[in-house]
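# Structural characterization, general
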Amino acid sequence: MNRTTVSLIAGTAALAAVTGFATLSSPEAAGTARTAAELPVERTSLLCPSPSTSDIAETSYTSFTPVTKDAGGGGKAELQAAAEESDGKSKSKSKTKGKGKKAAKPVLEPQEPGKPATGDTSGGEAPALVGTAEGKFAPGWTVQETTEVAAGSGRGLQGVNCSAPDTEFWFPGASTAADRTDYVHLTNPDDSAAVVDIELYGKDGALDSTLGEGITVAPHSSDPILLSTLTEEKQENLTVHVNVRSGRVGAAVQALDDKLGGDWLAASTDPSGSLVLPGIPKDATAVRLVAFAPGESDADLKVQLASPSGLITPAGNETLHVKAGMTASADLGDVTRGEAGSLVLTPTDTSVPVVAALRVVRGKGDDQETAFIPATRPVGTRATVADNSAKGTTLSLTAPTRGATVKVTASAGSGGGEAVSKTFTLKAGTTQNVEAPTPTGLKGTYALTVEHVSGGPVYGARTLAATEDGVPGFTIQTLPDDRGMVAVPEADEDLSVLQK
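Residues numbered from 1 in each chain as written. Predicted model: local features only at pLDDT ≥ 70, side-chain atom pairs only at ≥ 80, totals over all residues. Heavy atoms only, no water.

## Focus on the overall build of the protein
Broken down by element type, the protein carries 2 helices and 37 strands. Put simply, the protein has 500 residues, and 52% of those count as buried. Nonlocal contacts in the protein, meaning residues at least 24 apart in sequence, comprise 81% of its contacts between residues at least 6 apart. Carbon and sulfur atoms make up 48% of the accessible area of the protein, which totals about 21,300 Å². (Helix = DSSP H or I, 4+ residues; strand = E, 2+ residues; numbered from the N terminus. Buried < 20%, exposed > 50% of the residue type's maximum accessible area, 1.4 Å probe, protein only. Contact = heavy atoms within 4.5 Å. Areas by Shrake-Rupley, 256 points an atom, 1.4 Å probe, with all protein chains shown as cover.)

## Details of the state of the cysteines
What the rule picks out here adds up to 1 disulfide. A sulfur-sulfur distance of 2.0 Å marks the disulfide that ties Cys-48 to Cys-162. Where Cys-48 bonds to Cys-162 through sulfur, the torsion about that S-S bond is close to 110°, and the disulfide is right-handed. Of this pair, Cys-48 sits in strand E2 (residues 43-48) while Cys-162 sits in the loop between strand E8 (156-161) and strand E9 (168-174), and the two are 114 residues apart along the sequence. Judged by its relative accessible area of 7%, Cys-162 falls in the buried class. (Disulfide = S-S within 2.5 Å.)

## Section: the packing of aromatic side chains
Inspection of the entire model under this criterion finds 3 aromatic pairs. Look at Phe-169 and Phe-171: their rings are 6.3 Å apart centre to centre, the planes differ by 15°, and that puts the pair in the stacked class. According to the relative accessible area criterion, Phe-169 is buried, its value standing at 7%. On the numbers, 4.7 Å between centres and 40° between planes, the contact of Tyr-201 with Phe-292 is tilted. In this pair, Tyr-201 is assigned in strand E11 (residues 194-202) and Phe-292 in strand E19 (residues 286-292), connecting sequence segments 91 residues apart. Per residue, the accessibility class of Tyr-201 equals that of Phe-292, and both read buried. (Phe/Tyr/Trp six-rings, centres within 6.5 Å; stacked < 30°, edge-to-face > 60°.)

## Points about the nonpolar core
In terms of nonpolar packing, the biggest core is built from 31 residues, with Leu-289, Leu-343, Leu-345 and Leu-358 touching the most fellow members. Per-element accounting of this core gives the leading share, 4 residues, to strand E20 (residues 299-307). Non-local contacts of Leu-345, meaning those with residues more than four positions away in its chain, are made with Gly-273, Ser-274, Leu-275, Leu-277, Leu-289, Leu-301, Lys-302, Val-303 and Ala-356. Membership of the second largest hydrophobic core comes to 26 residues, among which are Ala-174, Val-184, Leu-230 and Ala-251. (Core = buried A, V, L, I, M, F, W, Y, C linked by side-chain atoms within 4.5 Å.)

## Digging into the sheet that holds strand E34 (residues 446-455)
Spatially, E27-E34-E29-E31 is the arrangement adopted by the 4 strands of the open sheet, whose pairing is antiparallel. Every other strand in the sheet has two partners, leaving strand E27 (382-388) and strand E31 (420-426) as the edge strands with one partner each. Sheet twist, expressed as the mean angle between neighbouring strand axes with direction ignored, is 20°. Pairing of E27 with E34, which is carried by 5 bridges, proceeds in the antiparallel orientation. From the neighbouring strand, Asn-388 faces E34, where its bridge partner is Tyr-446. (Pairing = 2+ DSSP bridges. Axes fitted to C-alpha atoms, helices over the stretch in contact; angles between N-to-C directions.)

## Side note on the environment of Ala-37
Along the chain, Ala-37 turns up in strand E1 (residues 33-40). Measuring from C-alpha to C-alpha, the distance between Ala-37 and Ala-487 comes to 5.4 Å, with 450 residues separating the pair along the chain.

## Points about the sheet that holds strand E10 (residues 180-188)
A sheet is described by the order of its strands in space; here 4 strands give the open sequence E14-E10-E16-E17, paired in antiparallel fashion. If you trace the sheet from one side to the other, it starts and ends with strand E14 (221-226) and strand E17 (261-265), each paired once. Between one strand axis and the next, the sheet turns by 20° as a mean value, whatever way the strands run. Here E10 pairs with E14 via 6 bridges, running antiparallel. Across the sheet, the residue bridging to Leu-186 is Asp-223, located in E14.

## Some points on the environment of Pro-66
Looking at where Pro-66 falls in the secondary structure, it is placed in the loop between strand E3 (57-64) and strand E4 (77-81). Separated by 383 residues in sequence, Pro-66 and Thr-449 place their C-alpha atoms 7.5 Å apart. With near-sequence residues (within four places) excluded, Pro-66 lies in contact with Pro-113, Pro-139, Gly-140, Arg-382, Thr-384, Thr-449 and Asp-482.

## Section: the pattern of salt bridges
Taken as a whole and assessed by the stated rule, the structure comprises 9 salt bridges. With a shortest N-O distance of 2.9 Å, Arg-248 and Asp-190 are connected by a salt bridge. With Arg-248 in the loop between strand E15 (238-246) and strand E16 (250-257) and Asp-190 in the loop between E10 and E11, this pair connects stretches of sequence that are 58 residues apart. Its relative accessible area of 31% is what places Arg-248 among the partly exposed residues. (Salt bridge = Lys/Arg side-chain N within 4 Å of Asp/Glu carboxyl O.)

## Observations regarding the environment of Ala-151
Its place among the elements puts Ala-151 in the loop between strand E7 (142-149) and E8. Considering only alpha carbons, one finds Ala-151 and Ser-54, 97 residues apart in sequence, at a separation of 8.9 Å.

## Quick look at the pairing of E9
On any regular strand, side chains alternate: one points to one face of the sheet, the next to the other face. Where burial is concerned, most of E9 is hidden: 6 out of the 7 residues are buried. Two elements, E9 and E15, share 6 bridges in a ladder whose sense is antiparallel. If you follow Pro-172 over to E15, its bridge partner there is Thr-239.

Below, the structure written as structure tokens:
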């Protein structure tokens, strides 16, 4: 092996430790890697969309990093406005540019892994946030943004996990219907502009729109794009495709309904032949499935509900046919019928990649509220969700294919308390609303971390509920693997000394 090859492998290992990605695909490189060591990531980024334009909105942020074995020492984590004007204020409610900015006090700065840190804002001027975590704060870092809106369109509880920047996002479940006001929030964390295309797909295919092409998102800025400005068509169920031509962005859809409240719609997991949508509230009064097949082939999906007793098929909705390039939907009604449930989609024949999400409604009449559940990745090695309270938190776990065992840990509280752990066993094909632990002597909010112990894949979701004036406000966040560890190939020879 020559010096160039050795240097390349060493550089790849170092890059993987920092960014969380490592790929060795060439035959020569594959031959030099004996095993892949699991190492904690050393740096990560998260982006939080601007929470609300309502003057009566109140938003809280909760940051948490689980304690990770072998994580590097030192480092820090912080959340700051995507950009600051020279006077320290964002330029406007709709757009913040990065020129003339000066350093501002972070919204929050965690002090140690294992303990949540909180911050808050009020009113409609809260900007989008850019977060970075390094060293011991990076592996598994999670930030929850939760907003209470007392009245108006989208009133209720809105929540979203701040997400990592990427180059492609799928959002089935958006809408341009008359009673909906949906925005795609795009946040650019980098020093150069990002160029983004937004494509809309309805029940008959792509919607005519040239305004979604080549959208420029300035460096260190955030743009909320109103979907109804991209097309004149009114569609009840839309799939939004965000494709980044250059650069990278964070993306999330804020769906506001005049009658049914509102919430954030997070991106669906990558297109796949089989999908799991976990954590439907047992008291859901209306559930709508929205799916989209981005390829050139139609998809036929078997629809099943993973209940506490096993997999069942909803009567009248046994299958869903999704035409290529068109958005399909199915109203499942009160599909859970008072029990915990998760939706499992599998191909009836040939596997065709699809994306999907659920719109969930709780309450009746004028006292209704909405949340969304996108298809998600499994818990994997570990997943965390923050901003839990002693009351109003429900943790839902499902094992769609095989039985599994998981360990659930409630962290110390943001204001005090000691961590507590419990182990749960899930039967194949079932969903359980588990009695998650709460910290001993809890003060403030806490995080829940789910670790896979044995068995098949596990999927999870957390529901936060808070009733205000009789309106059942709630929000749901899924628990995908936190990708806090990265596989770094170990070379066959000592790379500490490079021969000339």
